[in-house]
Amino acid sequence: MGKGFEAIRYFLATIVTAVWLFPLFWWFLTSFKPYSALFTKEPVYIFKPTFDWWKVVLTGIPPWAEELKKTGAIVGEAGGWFYAVPYLLNSITIATATS
């Protein structure tokens, strides 16, 4: 097998890898989009990044919690409906124990 065949093989492997990784990249990129850019008919490519969704997942505080805190409806800081840290720790524990 010559160098030409090897170059074609690496090129095809690169294309397949890029096609496989693109949805993961788009998913990660979407986690930085503001709410207004998430549900539009046309895709939004240029936007101001925000960490609001990361705050929701890591602290359990939804974006509307600030308004609810002003009214006194929410008193605590973390452990809300969207709090993912315990589930993440459970997954890490199970993955570590089974491998």
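Residues numbered from 1 in each chain as written. Predicted model: local features only at pLDDT ≥ 70, side-chain atom pairs only at ≥ 80, totals over all residues. Heavy atoms only, no water.

1. Some thoughts on the packing of aromatic side chains
At step 1: Here the structure, examined in full by the defined rule, presents 7 aromatic pairs.
At step 2: On the basis of an interplanar angle of 45° and a centroid distance of 6.5 Å, the ring pair of F22 and F25 is categorised as tilted. Of this pair, F22 and F25 both sit in helix α1 (residues 3–30), separated by 3 residues, roughly a single helical turn.
At step 3: Assessed through its relative accessible area of 47%, F22 is described here as partly exposed.
At step 4: Seen in terms of ring centroids, W26 and Y45 are 6.0 Å apart; in terms of plane orientation they differ by 70°. Their pairing is edge-to-face. Here Y45 lies in the loop between α2 (35–38) and α3 (52–59) and W26 lies in helix α1, a separation of 19 residues in the sequence.
At step 5: The exposure class of Y45 is exposed, given its relative accessible area of 60%.
At step 6: An aromatic cluster of three or more residues is present, and its members are F22, F25, W26 and Y45.
At step 7: In this structure, R9 packs its charged tip against the face of Y10, placed 5.5 Å from the ring centre. (Phe/Tyr/Trp six-rings, centres within 6.5 Å; stacked < 30°, edge-to-face > 60°. Helix = DSSP H or I, 4+ residues; strand = E, 2+ residues; numbered from the N terminus. Buried < 20%, exposed > 50% of the residue type's maximum accessible area, 1.4 Å probe, protein only. Lys NZ or Arg CZ within 6 Å of the ring centre and 35° of its normal.)

2. Section: the side chain of T50
At step 1: With respect to the secondary-structure elements, T50 resides in the loop between α2 and α3.
At step 2: Exposure remark for T50: the relative accessible area of 14% places this residue in the buried category.
At step 3: A distance of 3.2 Å separates the side chain of T50 from the side chain of D52, its partner in a polar contact.
At step 4: In contact with T50, other than residues within four places in its own chain, are S31, F32, K33 and P34. (Polar contact = N/O pair within 3.5 Å; in protein donor to acceptor, adjacent residues only side chain to side chain. Contact = heavy atoms within 4.5 Å.)

3. Brief notes about the confidence of the model for the protein chain
The predicted coordinates should not be examined in detail at positions where pLDDT is low.
At step 1: Chain-level pLDDT for the protein chain is 81 on average; 78% of the residues reach the 70-or-more range.
At step 2: The secondary structure element of the protein chain with the lowest average pLDDT is helix α4 (residues 65–71), at 64, and the one with the highest is α1, at 93. (pLDDT = per-residue confidence, 0-100.)

4. Observations concerning the environment of T40
At step 1: Following the sequence through the fold, T40 ends up in the loop between α2 and α3.
At step 2: Here T40 falls in the partly exposed class, since its relative accessible area comes to 36%.
At step 3: At a separation of 2.6 Å, a polar atom in the side chain of T40 contacts the main-chain carbonyl oxygen of E42.

5. Structural notes on a nonpolar patch on the surface
At step 1: A cluster of nonpolar residues, I8, F11, L12, I15 and V19, forms a patch on the protein surface that exposes about 510 Å² of accessible area.
At step 2: Among the secondary structure elements, V19 is positioned in helix α1. (Patch = residues over 30% accessible without salt bridge, like charges linked within 9 Å, V, L, I, M, F, W, Y side chains within 5 Å. Areas by Shrake-Rupley, 256 points an atom, 1.4 Å probe, with all protein chains shown as cover. Salt bridge = Lys/Arg side-chain N within 4 Å of Asp/Glu carboxyl O.)

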